[in-house]
Amino acid sequence: MVPITSNVLESLRQRSHFGFLIVCSIAVPIGMSVWSSLINNYAVEQIGFTGLENGIMQSLREVPGFLAFTAVFILLVCREQTFVIVFLAVFGLGITLTGFFPTVYGLYFTVVLMSIGFHYLETGRQSLALQWLPKGDAPRLLGKLISIGAMASFITYGLLWVILELTSIDYYLVYLIGGGAVLVCALVLKAHFPRIESEVVQRKQIILRSRYWLYYALTFFSGARRQIYVAFAGFLLVEKFGYSVENMALLLLINHVVNYLFAERMGAWIGRVSERTALTVEYIGLIGVFVSYAFVESALLAGGLYVIDHFFFVLAIAIKTYFQKIADPADIASTVSVSFTINHMAAVVIPALLGIAWLTSHSIVFLIGAAFAFCSLVLARFVPRNPTQGHETLLSPRIGPPEVLGEVTR
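The structure displayed is predicted, hence computed values, not measured ones.

Details of a nonpolar patch on the surface
Link 1 in the chain: A contiguous nonpolar patch, built from Phe-154, Ile-155, Leu-159, Ile-163, Leu-164, Val-257, Tyr-260, Leu-261 and Phe-262 and spanning about 740 Å² of accessible area, is present on the exposed surface.
Link 2 in the chain: At the level of secondary structure, the elements contributing two or more residues to the nonpolar patch comprise helix H6 (138-166) and helix H9 (245-273).
Link 3 in the chain: Element by element, the count of residues in the nonpolar patch is highest for H6, at five residues.
Link 4 in the chain: Relative to the helices and strands, Leu-159 is located in helix H6.
Link 5 in the chain: Judged by its relative accessible area of 52%, Leu-159 falls in the exposed class.

Below you can see the structure in the form of structure tokens.
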């Protein structure tokens, strides 16, 4: 009876963990879909934004991501589960208030508030996922969370389309409803999920370990690749091929449907073939995508590349599970927060520099993207087929966990 009871309790505990992550995975895409789908129209129509104000707003939006390493200091005064709930509420509050401050500085304020909530929430959410999910099934479960988030985005976009087509609802009401839904999710997490004790106490300090160098490098180039997609892939479709708002909305819906259908399966595939193989496939594919972007002349093919490019984000699960396997369990919260900052280093520099290159030729931008993907491919080949503590890269001999090696925090 004891083993049976123990197994039941463990199953209930894991369901509670995963249920918490599911609510987060629903709340974030609801809020972000509402905010992002309306922000450009709201800024131009209601506030009179020009390119200058929009550029400032986008830069301000990225600052909290760059400062995400400071999340570890907040964990000195609150538990990580509480941290996630609080910043989910901040994220929702920022969206809720967006329509109530129709001025340039008012929008700057709400964007920064929303972004603080989003980036700190994502830091905590990823940390808890790596702590709570079992290593053997983590890729599949992370894929399932992406799938759930994709369906939440799809439903949100669909409801937005219906509401905006059939009514003349004010922007502030849409933001109020979207942000309110996120706040409700935060209340659900607070009220219906018990206090979940972490099996390993997390270190409350900034940690940079030399043995995590490959994870840091993969994270940086992943951020660089994301910025090219966000800043330039959609822009290419609009500028060169004349995609309308409706065309872009359709592509976004296709992206969410594809992720809903295949993200969990791709996560399970990563678990079967290893992170090394998955990352290799991703980066070879991305080289092909970026080179194709550089020379594509067909509007239909360009749209297809946009969908494929977005789908490759699913394979980035492999970077997270690679770190989960090599990490000292007590390092996860701190290192994830540091990795957000590393990821956003690219966001601060790359759009501006490549924007200048775009004025000469869009092909240059995407060929640089192909070069980034090639660098990632080279790095991916250093990932062991079975990474563990003490064997983090192919350059690391199998000589035991880092505690034996006497590695120190830098």
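As for empty space enclosed by the protein
Link 1 in the chain: Scanning all chains against the criterion turns up one cavity of 30 Å³ or more.
Link 2 in the chain: The calculated volume of the largest cavity comes to roughly 50 Å³.
Link 3 in the chain: Listed by contribution, the elements that provide at least two residues to the lining of the largest cavity are helix H3 (71-74), helix H4 (80-97), helix H5 (104-132) and helix H13 (332-360).
Link 4 in the chain: Classifying every residue of the lining of the largest cavity by side-chain character gives five nonpolar, four polar and one charged.

Thoughts on the packing of aromatic side chains
Link 1 in the chain: Across all of its chains, the model carries 24 aromatic pairs by this definition.
Link 2 in the chain: Relative to Tyr-293, the ring of Phe-290 lies with its centre 6.3 Å away and its plane at 45 degrees, an arrangement referred to as tilted. Remark: Tyr-293 and Phe-290 occur in helix H10 (residues 275-295); sequence separation between them is three residues, near one turn of the helix.
Link 3 in the chain: Among the residues examined, Phe-290 registers a relative accessible area of 1% and is labelled buried.
Link 4 in the chain: For Tyr-293, a relative accessible area of 0% corresponds to the buried category.

Quick notes on the packing of H10 against helix H14 (residues 362-380)
Link 1 in the chain: Look at H10 against H14: their axes get within 8 Å of each other, and the N-to-C directions meet at 165 degrees. One element, H10, and the other, H14, form an angle in the roughly antiparallel class. For the pair H10 and H14, the sense of crossing is left-handed. Between H10 and H14, the residues in contact are Arg-276, Leu-279, Thr-280, Tyr-283, Ile-284, Leu-286, Ile-287, Phe-290, Val-291, Tyr-293, Ala-294 and Phe-295 and His-362, Ser-363, Phe-366, Leu-367, Gly-369, Ala-370, Ala-373, Phe-374, Ser-376, Leu-377 and Ala-380, respectively.
Link 2 in the chain: In terms of residue class, the contact of H10 with H14 is built from 17 nonpolar, five polar and one charged.

Quick notes on the rules
- Residues numbered from 1 in each chain as written.
- Predicted model: local features only at pLDDT ≥ 70, side-chain atom pairs only at ≥ 80, totals over all residues.
- Heavy atoms only, no water.
- Patch = residues over 30% accessible without salt bridge, like charges linked within 9 Å, V, L, I, M, F, W, Y side chains within 5 Å.
- Areas by Shrake-Rupley, 256 points an atom, 1.4 Å probe, with all protein chains shown as cover.
- Salt bridge = Lys/Arg side-chain N within 4 Å of Asp/Glu carboxyl O.
- Helix = DSSP H or I, 4+ residues; strand = E, 2+ residues; numbered from the N terminus.
- Buried < 20%, exposed > 50% of the residue type's maximum accessible area, 1.4 Å probe, protein only.
- 1 Å grid on protein atoms, 1.4 Å probe; cavity = no way out; pocket = protein on both sides within 12 Å on 5 of 7 lines; lining within 4 Å.
- Points joined across faces, edges and corners; volume = space filled by probe spheres on them.
- Nonpolar A, V, L, I, M, F, W, Y, C, P; charged D, E, K, R; others polar.
- Phe/Tyr/Trp six-rings, centres within 6.5 Å; stacked < 30°, edge-to-face > 60°.
- Axes fitted to C-alpha atoms, helices over the stretch in contact; angles between N-to-C directions.
- Parallel < 35°, antiparallel > 145°, perpendicular 65-115°, else oblique.
- Left-handed = near helix turned anticlockwise from the far one by under 90°.
- Contact = heavy atoms within 4.5 Å.

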